[in-house]
Amino acid sequence: MTGPAGGLPPHPGLADGPVYLDYNATTPVDPRVATAMWPYLTDFFGNPSSDHPYADAPRRALDQARAQVAGLIGARPGEVIFTASGSEADLLALRGTVLASGHSHPHVITQATEHPAILETCRSLERLHGVRVTVLPVDGHGLVDPAALAAALTEDTVLVSVMAANNETGALQPIAELAALTREHGALFHCDAAQAAGKISLDVGELGVDLLTIVGHKMYAPKGAAALYVREGVRLEPVVYGGGQERGLRAGTENVALAAALGTAAQLAADELAAGAPARLAVLRDDLHQRLAAALPDRIRLNGPEKERLPNTLNISVEGALGHEILAAADWVAASTGSACHSGTHTPSPVLSEMGLDTARALGALRLSLGRWTTEKAIETAAAALIEATSAQ
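Below is a short write-up of the structure.

Parameters and conventions
Residues numbered from 1 in each chain as written. Predicted model: local features only at pLDDT ≥ 70, side-chain atom pairs only at ≥ 80, totals over all residues. Heavy atoms only, no water. Buried < 20%, exposed > 50% of the residue type's maximum accessible area, 1.4 Å probe, protein only. Helix = DSSP H or I, 4+ residues; strand = E, 2+ residues; numbered from the N terminus. Expected span 1.5 Å × (residues − 1). Contact = heavy atoms within 4.5 Å. Phe/Tyr/Trp six-rings, centres within 6.5 Å; stacked < 30°, edge-to-face > 60°. Lys NZ or Arg CZ within 6 Å of the ring centre and 35° of its normal. Pairing = 2+ DSSP bridges. Axes fitted to C-alpha atoms, helices over the stretch in contact; angles between N-to-C directions.

### Details of the pairing of strand S6 (residues 188-192)
Next up, step 1: Counting buried residues in S6 gives five out of five residues, a clear majority hidden from the surface.
Next up, step 2: Of the two faces of S6, the one holding Leu-188, His-190 and Asp-192 and the one holding Phe-189 and Cys-191 are both buried throughout.

### Concerning the environment of Leu-14
Next up, step 1: When you line up the elements, Leu-14 lands in the segment before strand S1 (19-20).
Next up, step 2: Through-space distance from the C-alpha of Leu-14 to that of Pro-28 is 8.2 Å; in sequence the pair is 14 residues apart.

### A short note on the environment of Glu-177
Next up, step 1: Looking at where Glu-177 falls in the secondary structure, it is placed in helix H6 (residues 175-184).
Next up, step 2: Separated by 145 residues in sequence, Glu-177 and Arg-32 have C-alpha atoms that sit 37 Å apart.

### Observations concerning helix H9 (residues 277-295)
Next up, step 1: An ideal rise of 1.5 Å per residue puts 27 Å on 19 residues; H9 measures up with 28 Å between its terminal C-alpha atoms.
Next up, step 2: On its buried face, H9 sits against helix H8 (256-275), strand S9 (300-302), strand S10 (313-318), strand S15 (365-369) and helix H13 (376-391).

### What to know about helix H3 (residues 86-101)
Next up, step 1: Its 16 residues place the ends of H3 22 Å apart at the C-alpha level, agreeing with the 22 Å of an ideal helix rising 1.5 Å per residue.
Next up, step 2: Buried within H3 are the following residues: Gly-86, Glu-88, Ala-89, Asp-90, Leu-92, Ala-93, Leu-94, Gly-96, Thr-97, Val-98 and Ala-100.
Next up, step 3: The positive-phi residue at the C-terminal boundary of H3 is Gly-102, with phi of around 70°.

### Concerning the packing of aromatic side chains
Next up, step 1: Within this structure, the stated rule accounts for five aromatic pairs.
Next up, step 2: Between Tyr-40 and Phe-44, the ring centres sit 5.7 Å apart and the planes meet at 40°, which makes this aromatic pair tilted.
Next up, step 3: Seen from their ring centres, Phe-45 and Tyr-54 are 5.4 Å apart, and the 35° between their planes marks the pair as tilted.
Next up, step 4: Owing to a relative accessible area of 54%, Tyr-54 belongs among the exposed residues under this scheme.
Next up, step 5: Within the aromatic cluster, the residues linked to one another by ring pairs are Tyr-20, Tyr-23, Tyr-220 and Trp-373.
Next up, step 6: Taking NZ or CZ as reference, Arg-372 lies 3.9 Å from the ring centre of Tyr-220, over its face.

### Focus on the sheet that holds strand S8 (residues 226-230)
Next up, step 1: Ordered in space as S2-S8-S7-S6-S5-S3-S4, the seven strands form an open sheet in which the pairing is mixed. In this open sheet, the two strands that pair with only one neighbour each are strand S2 (80-83) and strand S4 (132-136). In this sheet, adjacent strand axes meet at a mean angle of 20° when their direction is disregarded.
Next up, step 2: Across three bridges, the pairing between strand S5 (residues 157-161) and S6 is parallel. The residue of S6 that forms the bridge with Leu-159 is Leu-188.
Next up, step 3: Contacts from helix H4 (residues 116-129) reach strand S3 (107-111), S4, S5 and S6 within the one sheet, and its direction differs from that of S3 by about 155°.

Written out as structure tokens, the structure reads:
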């Protein structure tokens, strides 16, 4: 339960470097994923829209990848639209819904700790299309109160967008409850599942969502591969106009290699979920937390929910320390902080600030996220390095 999933050999990209605890930022490409995409960069180069034998293998690969992605989330293959990034999928969901609604005064609801791909798209809809946007607050754990959503819904609401899991704290939102409230008001519900897909079980039918974003580089596929689940019957304005690919929603000749990579990554993730991978990561995550808390009593504080969070994510603040200075000193650990650096000045994470954390606590935060190649030995090494670096502050 403590080695890499399925007894995998060490990843070649991680073999000689620091302990990698930044899986929420991006994941290493699984060698099996790289193997699956390679033929479509070499031998099977045809355009899947062509009408000759060179199109056959690429077209079959697209069909298979669509079915694999759909299988991960309980969707139909025809409901999966390939995109080039999660940000593009979010744009298609939000802008596509608003422009297709035909509403003269559309209203969109989101929440304060969403990814910038959502928040900035909402701002653009306000600026360019006169959309009214409501941003719901979160509580001290980063969670939306369903009652707040119920109070914000109006007859003009066309879309609600709430992420499945926060990228910094791992907080899991009550998506099924929020989606049910939205559906009762006749609006569509979009869920950015970039961080959740592949880490926890997701079923679009059980969740009751209309749109859901999946991002490949968060689950061991290359960057540039993503998808949007679009429930059958949902109308969207296209994000790219042209030749009619991807149900007419995202024109352009399909990147078959990246689609094959995303499909394989989705299949591997589904297999790991069935084999209990989340439990393995939760054990390692909690071990890391316990080691740090035992060595640094009264200095370690958990940010976000204790239970309702991703199994791989630990966000803590170290009292009396700065997160970026800890990581600079612990050079054998690759992780993220609770701050952003602009021209040498560190500012608190907006996510932690929206949760009500004061500046000192937010600046002392560390985001430690585990993944497929995290081992017990890696946790021991990382904990020792972080303890040594923190004790010096």
